[in-house]
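Coordinate inspection notes
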Amino acid sequence: SGANNALVAALLDAGGNAVTVAAGLIIWLKLGHSLQAGANTLNLNAHGTDAIKKASNPATDLSVTAVSGSILMLIFDGTVWQAQGF
C-alpha cells in the first residue's frame with residue numbers, strides 16, 4: 001500500500017507474526033505503486049519510514065523509475081533499503 005515514492009508493506013511469518021526488520025533482511029517486493037528517480041521510502045511492518053537507495057551506492061537515491069507491478073529485491077542494511085540492480 002502507500003503511495004508513489006512512499007511504500008508501506010507488511011511481511012508475516014508462518015505463524016502470522018510480523019517479521020522483525022533488522023540489518024540483513026532481504027525481501028522481494030511487488031510494487032503496488034511506482035518509484036521515481038529521486039527520494040523513495042518503505043515502511044515495512046510499521047518499523048518506520050526508511051529510505052530506498054541504490055545498492056551500488058547506498059548514499060544515492062534511485063536514478064531510474066520502477067513502475068507499479070515491478071518486482072524489486074531490497075536488502076535492509078540497518079539504515080536504508082538497498083535496491084539491488086540500481
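Residues numbered from 1 in each chain as written. Predicted model: local features only at pLDDT ≥ 70, side-chain atom pairs only at ≥ 80, totals over all residues. Heavy atoms only, no water.

1. Some details on the confidence of the model for the chain
Per-chain confidence: the chain averages 95 in pLDDT, with 100% of residues scoring 70 or above. Mean pLDDT across the elements of the chain bottoms out in strand 1 (residues 2–3) (90) and peaks in strand 4 (residues 41–44) (98). (pLDDT = per-residue confidence, 0-100. Helix = DSSP H or I, 4+ residues; strand = E, 2+ residues; numbered from the N terminus.)

2. Section: the nonpolar core
Within the largest apolar cluster, 19 residues are counted, with the highest numbers of intra-cluster contacts made by Leu-42, Ile-52, Leu-74 and Trp-81. Of all the elements, strand 7 (residues 71–76) adds the most residues to this core, at three residues. (Core = buried A, V, L, I, M, F, W, Y, C linked by side-chain atoms within 4.5 Å. Buried < 20%, exposed > 50% of the residue type's maximum accessible area, 1.4 Å probe, protein only.)

3. Considering the environment of Gly-32
Here Gly-32 lies in the loop between strand 3 (26–30) and strand 4. A relative accessible area of 55% means that Gly-32 is categorised as exposed. The spacing of Gly-32 and Ile-71 is 39 residues in sequence and 9.7 Å in space, taken between C-alpha atoms.

4. Focus: a nonpolar patch on the surface
Together, Ile-26, Trp-28 and Ile-71 make up an exposed nonpolar region whose accessible area comes to about 370 Å². The topology assignment puts Ile-71 in strand 7. (Patch = residues over 30% accessible without salt bridge, like charges linked within 9 Å, V, L, I, M, F, W, Y side chains within 5 Å. Areas by Shrake-Rupley, 256 points an atom, 1.4 Å probe, with all protein chains shown as cover. Salt bridge = Lys/Arg side-chain N within 4 Å of Asp/Glu carboxyl O.)

5. Overview of unusual backbone geometry
In the Ramachandran plot, Asn-5 falls in the positive-phi region, its phi being about 70 degrees despite a non-glycine side chain. Tracing the backbone shows Asn-5 in the loop between strand 1 and strand 2 (6–9). Its relative accessible area of 24% is what places Asn-5 among the partly exposed residues. Positive phi is not limited to glycine here, since Asn-45 has a value of about 55 degrees.

6. Regarding the packing of aromatic side chains
Each aromatic ring pair is characterised by the separation of its centres together with the angle its planes make. Under the defined criterion, the tally for this structure stands at one aromatic pair. Here Phe-76 and Trp-81 contribute two aromatic rings whose centre-to-centre distance is 4.9 Å and whose plane-to-plane angle is 45 degrees, an arrangement assigned as tilted. Neither Phe-76 nor Trp-81 differs from the other in exposure class; each is buried. (Phe/Tyr/Trp six-rings, centres within 6.5 Å; stacked < 30°, edge-to-face > 60°.)

7. Some points on the side chain of Gln-82
Relative to the assigned elements, Gln-82 resides in strand 8 (residues 81–83). Among the polar contacts made by the side chain of Gln-82, one reaches the side chain of Asp-77 at a distance of 3.0 Å. Beyond its immediate sequence surroundings of up to four residues, Gln-82 is in contact with Lys-53, Ala-55, Pro-58, Met-73, Leu-74, Ile-75 and Asp-77. (Polar contact = N/O pair within 3.5 Å; in protein donor to acceptor, adjacent residues only side chain to side chain. Contact = heavy atoms within 4.5 Å.)

8. What about the side chain of Asn-43?
Relative to the elements of secondary structure, Asn-43 occurs in strand 4. Residues within four places of Asn-43 in sequence aside, it is in contact with Leu-7, Val-8, Ala-9, Gly-48 and Thr-49.

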